[in-house]
Structures are given as C-alpha cells and as structure tokens.
Amino acid sequence: PPDVESLGRATWTFLHTTAAYYPESPTPTQRAHMLQLLHSLPQLYPCSHCAGDLGARLQRRPPDVRSRAALSAWLCATHNEVNVMLGKPTFDCARVDERWKDGPKD
Ligand code: FAD
C-alpha cells in the first residue's frame, strides 16, 4: 500500500500549487475542471479512509472555485481541518501565497 504520509505531502503540494496558479477570473470551463479534479479525489485517492473523510468534507464545505484567492483560501481551510483531525499544527492562511506561490519576502 502507498505511504500515506509521503502521498499526502505530494498531494497537498500538487493541490496548493495548482490553486496558487489557478486563474484570478476562471472561465466556466476552468471552474468545471477544478470541481471535477477535487470531486474525483474521494473516488480515486489511494488511501481509502482519507478519501472517505475528504468526501464528507467536500459535502460539508463545497469548494469555492470562483477565483484563485477563493480556491486557495478554501483549500487552506480544508487542509487545516485535516491538520486538526491529525493533531498537527494549523497553518496561517494569510501566508498561503508566500508558501506556495511567491516565496518568502526578500
Ligand atoms: P502535510 O500536512 O502533508 O503538509 C505539507 C506542507 O504543507 C507543510 O509542510 C506546510 O508547509 C504546508 N501546509 C500545512 N498546512 C497547510 C494549510 N492548511 N494550507 C497550506 N499549506 C499548508 N492522513 C491521515 O493519516 N488520515 C487522513 O484521513 C488523511 N487525509 C488526507 C486527505 C487528503 C486530501 C490529503 C492530501 C492528505 C491526507 N492525509 C491524511 C495525509 C496528511 O494530511 C499529511 O499529508 C501527512 O500526514 C504528512 O503530513 P506533514 O506533516 O508532512 O505535512
């Protein structure tokens, strides 16, 4: 079976980076593709309890795909919910672009 920790790190890297470079004003087609990507994870993610947990979260707090900022904030909040569940520290979502897009200042 896959290593749930390294799979998780790789997947969060992919998702946060993709959100960081998502369009400011996505077209309806781009929004639909992002929704498909996120809603595919509960079906396909190769950690079945993680997938089930994510499916429930997507039902409770549907992804906000209206803009880059909205998607990045939604994903940060979702990752923080998982962090709390796992007893990990939460991340300051004001720093999400610094972490995943811009890098640290100077
Ligand atoms: P990770 O949580 O993998 O984070 C990687 C990096 O992201 C951190 O070093 C930090 O720089 C940054 N970061 C942290 N929080 C945020 C945030 N809120 N916003 C932006 N950036 C942030 N594991 C389980 O044991 N059970 C589960 O049910 C489970 N469900 C998961 C569901 C999904 C969709 C994913 C992608 C992963 C899931 N995992 C689950 C794995 C788990 O979330 C971690 O990825 C794994 O435990 C490794 O943790 P880590 O401490 O290396 O950091």
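Refer to the structure above for everything that follows.
The sections below set out a description of the structure shown in this document. (Residues numbered from 1 in each chain as written. Predicted model: local features only at pLDDT ≥ 70, side-chain atom pairs only at ≥ 80, totals over all residues. Heavy atoms only, no water.)

1. Digging into the overall build of the chain
Thinking step 1. For the chain, the count of helices and strands is five helices and zero strands.
Thinking step 2. Listed by position from the N terminus, the elements making up the chain come as α-α-α-α-α.
Thinking step 3. By the compact-globule yardstick of 13 Å for 106 residues, the chain fits well, its C-alpha radius of gyration being 14 Å.
Thinking step 4. Principal axes of the C-alpha set define a box for the chain whose edges measure 35 × 35 × 25 Å.
Thinking step 5. The buried share of the chain, taken over its 106 residues, is 35%.
Thinking step 6. Taking as baseline every contact in the chain between residues at least 6 positions apart, the subset at least 24 positions apart corresponds to 60%.
Thinking step 7. When the accessible surface of the chain is split by element, carbon and sulfur atoms take 58% of a total near 6700 Å².
Thinking step 8. Between the centroid of the 12 positive side chains of the chain and the centroid of its 11 negative side chains there is a distance of 3 Å. (Helix = DSSP H or I, 4+ residues; strand = E, 2+ residues; numbered from the N terminus. Rg over C-alpha atoms; globule rule 2.2 N^0.38 Å. Buried < 20%, exposed > 50% of the residue type's maximum accessible area, 1.4 Å probe, protein only. Contact = heavy atoms within 4.5 Å. Areas by Shrake-Rupley, 256 points an atom, 1.4 Å probe, with all protein chains shown as cover. Lys, Arg positive; Asp, Glu negative; His and termini not counted. Charge placed at Lys NZ, Arg CZ, Asp CG, Glu CD.)

2. Regarding the state of the cysteines
Thinking step 1. Per the counting criterion, the structure on display carries two disulfides.
Thinking step 2. In this model, cysteine 47 is linked to cysteine 50 through a disulfide, with the two sulfur atoms separated by 2.0 Å. In this structure, the disulfide formed by cysteine 47 and cysteine 50 twists by about 60° around the S-S bond and is classed as right-handed.
Thinking step 3. Owing to a relative accessible area of 5%, cysteine 47 belongs among the buried residues under this scheme.
Thinking step 4. On the accessibility criterion, cysteine 50 (21% relative accessible area) is partly exposed. (Disulfide = S-S within 2.5 Å.)

3. Let's talk about the pattern of salt bridges
Thinking step 1. Taken as a whole, this structure holds eight salt bridges when the rule is applied.
Thinking step 2. One salt bridge connects arginine 68 with glutamate 24, and the closest N-O pair in it is separated by 2.9 Å. In this pair, arginine 68 is assigned in helix α4 (residues 68–85) and glutamate 24 in the loop between α1 (4–20) and α2 (28–44), connecting sequence segments 44 residues apart.
Thinking step 3. Owing to a relative accessible area of 11%, arginine 68 belongs among the buried residues under this scheme.
Thinking step 4. As a salt-bridge pair, glutamate 81 and arginine 57 come within 3.0 Å of each other at their nearest N and O atoms. Of this pair, glutamate 81 sits in helix α4 while arginine 57 is found in helix α3 (residues 48–60), placing the two residues 24 residues apart along the sequence. (Salt bridge = Lys/Arg side-chain N within 4 Å of Asp/Glu carboxyl O.)

4. Description of the site of the ligand
Thinking step 1. Looking at the ligand, there are 23 residues lining it, with Arg9, Trp12, His79, Lys88 and Arg99 nearest.
Thinking step 2. Between the ligand and the protein, one listed contact pairs an oxygen atom with a side-chain N or O atom of histidine 79 at 2.8 Å.
Thinking step 3. Relative to its unbound accessible area of 960 Å², the ligand is 84% covered by the protein chains.
Thinking step 4. Broken down by secondary-structure element, the contributors of at least two residues to the shell around the ligand are α1, α3, α4 and α5 (96–102).
Thinking step 5. At seven residues, the largest contribution of residues to the shell around the ligand is made by α1.
Thinking step 6. Broken down by class, the residue content of the shell around the ligand amounts to twelve nonpolar, seven polar and four charged. (Near = heavy atom within 4 Å. Polar contact = N/O pair within 3.5 Å; in protein donor to acceptor, adjacent residues only side chain to side chain. Nonpolar A, V, L, I, M, F, W, Y, C, P; charged D, E, K, R; others polar.)

5. Things to note about α1
Residues spaced three or four apart along an α-helix point in a common direction, a consequence of the helix completing one turn every 3.6 residues.
Thinking step 1. For α1, which comprises 17 residues, the first-to-last C-alpha distance of 24 Å matches the rise-based estimate of 24 Å (1.5 Å per residue) to within 8%.
Thinking step 2. All of the buried residues along α1 are Gly8, Thr11, Trp12, Leu15, His16, Ala19 and Ala20. End-on view of α1: buried residues confined to an arc of 160°, all on one side of the axis.
Thinking step 3. Buried residues in α1 make contact with α2, α4 and α5. (Expected span 1.5 Å × (residues − 1). Arc of directions from axis to C-beta.)

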